[in-house]
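If you want the building blocks of each chain, they are given just below.
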Amino acid sequence: MNKKLLSAPFLFWSGLFIIVPLLMVFYYGLTDKTGAFTFENIAAISSPEHLKALWEAVKLSVLSTIICLILAYPLAMILCKSGSNKTSFMVLIFILPMWMNFLLRTFAWLTLLEKTGVINTLLKLVGLPTLNIINTPGAIVLGMVYNFLPFMVLPIYNVLIKIDKNVINAARDLGANPFQTFMKITLPLSVPGIISGITMVFVPALTTFIISTILGGSKILLIGNVIEQEFTQTGNWHLGSGLSIVLMMFIIFNMVISAVTDKDGEAQAL
Amino acid sequence: MKKALVNLEHISKSYDGQLILDDLNLYIRENEFLTLLGPSGCGKTTTLRILGGFETPDAGKVYFDGVDITHLQPNKRQLNTVFQKYALFTHMNIAENIAFGLKIKNKSKAYIDDKIKYALKLVNLDGYEKRMPDSLSGGQQQRIAIARAIVNEPKLLLLDEPLGALDLKLRQDMQYELIRLKNELGITFIYVTHDQEEALTMSDTIVVMNQGYIQQIGTPEMIYNEPENAFVADFIGESNIISATMIQDRLVEILGTKFACVDEGFGNNTPVDVVIRPEDVELVDLADANAKYIIEGTVTHVIFKGVHYEMEVMANGFEWLVHSTGMFPVGTKVGIHVDPFNIQIMNKPESEDEEAVGVNE
């Protein structure tokens, strides 16, 4: 009885801010302007412009996830190997930017990358040709990698630190060189962390519209931008909700796959 | 005498300025079951890790079969280790675990399958090929860890407190199994433990270590019956360790009373330590007119231990620990007799420091 009472605020909160909005999204997504039931908003994803936006978003977020993984894995290994004092300092360096507002961090990159921004001004000063990064897919990927890298590092670090040093020693003892030990022991044992990391980077990267708006200008439309515009500019909530449902299904599919493989629940640990 | 398989020469190692091993010299003969025995922090595990190649000594050399392997990578050494807490590969099944070393060496599938079968039979776990390590009990996992090591046909097997995580009954069973394995395989075992009973049961040779130094090397009988110093006597089983004076050859004064003994060559009026095992202290009934005893005392404690009674007897200002199948009630006046050959005389440690180290353990 007492425990039920304690959960009441949470139930109220999730009811009001998760269940109700979700139902509203489903209501708008499955009706037209007259309120009649329709699948048109869902089917709208198959229009060339929407498919292109979805494809663009998948492409950039997959690329960002891969870059994050390539950067994060060695980093997590270094964190595991260094002594405890050094580790906490390095972890702090990683966490520190996360304490700053997400928008602020992304605008900082805008200031750096702009045509007349900090980097180009410096390049001009030393007489080098200026870079044209801003408003390209590259800038968006840079923003995604920068913002989401910690979400890849931490789950991988968490599984690596839990691997018994003697398991690594045992592989070496049985004749495996450092590379074989990594491929046959360390890497397979860290798969749950890799999957958590991929989920935690891929999902926010796929749905972002802020990074693409700020660093991509209005030239590159991701599926997140399209949905945002349907709500804020066109005012077509029905279409926006329909596309949201499609994106949600896409993500749920992704999560189910990772939940099946991620037995240790690394994702929940964060 | 068989030839030495491993030679450790002048090995020193310290961590963070703390000396773990200080000029350690040790050789291990082929086909020997050698145990490194000592309390935690005595350097026994570090010695094993240096042999396995997981640590490099600060000074000194490790020779294996006459070849200097001090700086050789672990995967290049012809020895295998059974780790504390097993260290099995949890993402592989039992067959894959056992096959790991053989696959690295590119052995044929038929050879590997044969070896897996043979090893599982050897450790009494036939038919466990497809099981996962997590589904096995501690004792079974330990046997798989041993199987995984021995399929590589090492000349030397290192065992780092392999039975530490098992319960008493299982530990005793595994002790016999290890002796059987060693005899069947005919390879050299180096075994690390802090359990003196384990060491006495299994070893050909025991190396007692403390604070980075070897205290005594000998057969289990020698270590138990003729401990070289108070530390060894105290660490190996229970004992009465008493400060005494060697009056002359074959006569020692213990707590003011002269006892006949069998030791010679300590000189006259030399301060020594004597060790008398509790089972060697004989209690006699004072009422018995024919009773032969050296000193008198009073029983102060009695505990029933199953096989024997453990009693404490106050005599000449010292609480004598006594193990006996006969029992005298608390308060009884008894006579104490010790046969001359049951009194073990040891030199006093040279410095005060060492004495403190030895007796406080």
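Residues numbered from 1 in each chain as written. Chains lettered and ligands numbered in written order. Predicted model: local features only at pLDDT ≥ 70, side-chain atom pairs only at ≥ 80, totals over all residues. Heavy atoms only, no water.

Here we look at the packing of aromatic side chains
Aromatic rings in a pair are described by how distant their centres are and how their planes are angled relative to each other.
Phase 1: Applying the stated rule across the entire model yields 17 aromatic pairs over all chains.
Phase 2: What links up through ring pairs into an aromatic cluster is the set A:Tyr27, A:Tyr28, A:Phe231 and A:Trp237.
Phase 3: Stacked on the ring of B:Tyr111, the Lys or Arg B:Lys107 has its end atom at 5.3 Å from the ring centre.
Phase 4: Positioned over the ring face of B:Phe89 is B:Arg148, at 4.5 Å from the centre of the ring. (Phe/Tyr/Trp six-rings, centres within 6.5 Å; stacked < 30°, edge-to-face > 60°. Lys NZ or Arg CZ within 6 Å of the ring centre and 35° of its normal.)

Remarks on the side chain of A:Ser61
All names here are of chain A.
Phase 1: Of note, serine 61 is situated in helix 3 (residues 48-81).
Phase 2: Residue class for serine 61 comes out buried when judged on its relative accessible area of 0%.
Phase 3: Of the polar contacts made by the side chain of serine 61, one reaches the backbone oxygen of alanine 57; its length is 2.6 Å.
Phase 4: If sequence neighbours within four positions are ignored, serine 61 has contacts with Met144, Phe202, Ala205 and Leu206. (Helix = DSSP H or I, 4+ residues; strand = E, 2+ residues; numbered from the N terminus. Buried < 20%, exposed > 50% of the residue type's maximum accessible area, 1.4 Å probe, protein only. Polar contact = N/O pair within 3.5 Å; in protein donor to acceptor, adjacent residues only side chain to side chain. Contact = heavy atoms within 4.5 Å.)

Description of helix 7 (residues 137-162) of chain A
Phase 1: Under the 1.5 Å per step criterion, the end-to-end length of helix 7 of chain A is 37 Å for 26 residues, consistent within 8% with the ideal 38 Å.
Phase 2: The largest bend in helix 7 of chain A comes to about 45°, at A:Phe148, with the proline A:Pro150 one to four residues further on. (Expected span 1.5 Å × (residues − 1). Bend = angle between axes of the 7 residues up to and from the residue.)

Quick notes on the nonpolar core
Phase 1: Of all hydrophobic cores here, the largest spans 63 residues; its most connected members are A:Met144, A:Ile156, A:Ile185, A:Leu215, A:Ile223, B:Phe89 and B:Phe100.
Phase 2: Once residues lying within four places of it in the same chain are set aside, the contact partners of A:Ile185 are A:Val167, A:Ile168, A:Ala171, A:Gln180, B:Phe89, B:His91, B:Met92 and B:Phe100. (Core = buried A, V, L, I, M, F, W, Y, C linked by side-chain atoms within 4.5 Å.)

Brief notes about the packing of helix 4 (residues 138-150) of chain B against helix 5 (residues 168-185) of chain B
All names here are of chain B.
Phase 1: Direction vectors running N to C along helix 4 and helix 5 enclose 15°, while the axes themselves pass 12 Å from each other. Classified by the interaxial angle, the pair formed by helix 4 and helix 5 is roughly parallel. Helix-helix and strand crossings are classified by hand; for helix 4 and helix 5 the assignment is right-handed. Across from Gly139, Gln142, Arg143, Ile146 and Ile150 in helix 4, the residues of helix 5 making contact are Leu170, Met174, Glu177, Leu178, Leu181 and Leu185.
Phase 2: Here the contact of helix 4 with helix 5 is built from residues that sort into seven nonpolar, two polar and two charged. (Axes fitted to C-alpha atoms, helices over the stretch in contact; angles between N-to-C directions. Parallel < 35°, antiparallel > 145°, perpendicular 65-115°, else oblique. Left-handed = near helix turned anticlockwise from the far one by under 90°. Nonpolar A, V, L, I, M, F, W, Y, C, P; charged D, E, K, R; others polar.)

A short note on the domain arrangement of chain A
All names here are of chain A.
Phase 1: Each assigned domain of chain A is listed here: domain 1 (1-30) and domain 2 (43-261).
Phase 2: With five residues of domain 1 at the interface, the matching set in domain 2 holds eight residues.
Phase 3: Where domain 1 meets domain 2, there are one residue pair in polar contact (both at pLDDT 80 or more).
Phase 4: Partitioning the side of domain 1 that touches domain 2 into residue classes produces four nonpolar, one polar and no charged. (Domains from an automatic or database assignment.)

A few points about the interface of chain A and chain B
Phase 1: Counting residues at the interface gives 16 residues for chain A and 23 residues for chain B.
Phase 2: Both faces considered, chain A and chain B share a buried interface measuring about 1700 Å² in area, 60% of it formed by carbon and sulfur atoms.
Phase 3: The largest per-residue losses of area from chain A upon contact with chain B belong to A:Arg172, A:Asp173 and A:Leu174, which jointly make up 40% of the total buried on that side.
Phase 4: Where chain A touches chain B, the interface holds zero salt bridges.
Phase 5: Scanning the region where chain A abuts chain B turns up five residue pairs in polar contact (both at pLDDT 80 or more).
Phase 6: Secondary-structure elements contributing two or more residues to the side of chain A that touches chain B are helix 8 (165-173) and helix 9 (178-189) of chain A.
Phase 7: Tallying contributions element by element places helix 8 of chain A first for the side of chain A that touches chain B, with seven residues.
Phase 8: Looking at the side of chain A that touches chain B residue by residue, the classes come out as eight nonpolar, five polar and three charged. (Buried area = accessible area lost by both parts, 1.4 Å probe. Salt bridge = Lys/Arg side-chain N within 4 Å of Asp/Glu carboxyl O.)

Let's talk about the domain arrangement of chain B
Much of the literature gives interface size as the accessible area that the parts lose upon coming together.
Residue and element names in this part refer to chain B.
Phase 1: Each assigned domain of chain B is listed with its residue range as follows: domain 1 (4-225) and domain 2 (238-360).
Phase 2: On a C-alpha basis, the centroid separation for the pair domain 1 and domain 2 is 38 Å.
Phase 3: With five residues of domain 1 at the interface, the matching set in domain 2 holds four residues.
Phase 4: Interface area, domain 1 with domain 2, both sides summed: about 370 Å², of which 35% is carbon and sulfur.
Phase 5: Sorting the residues of domain 1 by area buried against domain 2 places Asn210, Tyr224 and Asn225 first, and these three jointly supply 81% of that buried surface.
Phase 6: At the boundary of domain 1 with domain 2, the tally comes to two residue pairs in polar contact (both at pLDDT 80 or more).
Phase 7: Here the element with the most residues in the side of domain 1 that touches domain 2 is helix 7 (residues 220-225); it accounts for three residues.

Describing the state of the cysteines
Phase 1: Per the counting criterion, the structure on display carries zero disulfides over all chains.
Phase 2: With no disulfide of its own, A:Cys80 lies 18 Å from the sulfur of A:Cys68, the closest cysteine sulfur. (Disulfide = S-S within 2.5 Å.)

A few points about the pairing of strand 12 (residues 251-254) of chain B
Residues and elements named next belong to chain B.
Phase 1: Only one face of strand 12 is buried, namely the one carrying Val252 and Ile254, since none of Leu251 and Glu253 on the opposite face is buried.
Phase 2: In terms of strand pairing, strand 11 (residues 240-248) meets strand 12 through four bridges, oriented antiparallel. If you follow methionine 246 over to strand 12, its bridge partner there is valine 252.
Phase 3: What sits between the antiparallel neighbours strand 11 and strand 12 is a turn of two residues, in which arginine 250 has the positive phi angle 65°.
Phase 4: As judged from the four bridges shared by strand 12 and strand 13 (residues 257-260), these two strands associate in the antiparallel manner. Across the sheet, leucine 251 pairs through a bridge with alanine 260, a residue of strand 13.
Phase 5: A loop of two residues connects strand 12 with strand 13, the two strands running antiparallel in sequence, and leucine 255 in this loop sits at a positive phi of about 50°. (Pairing = 2+ DSSP bridges.)

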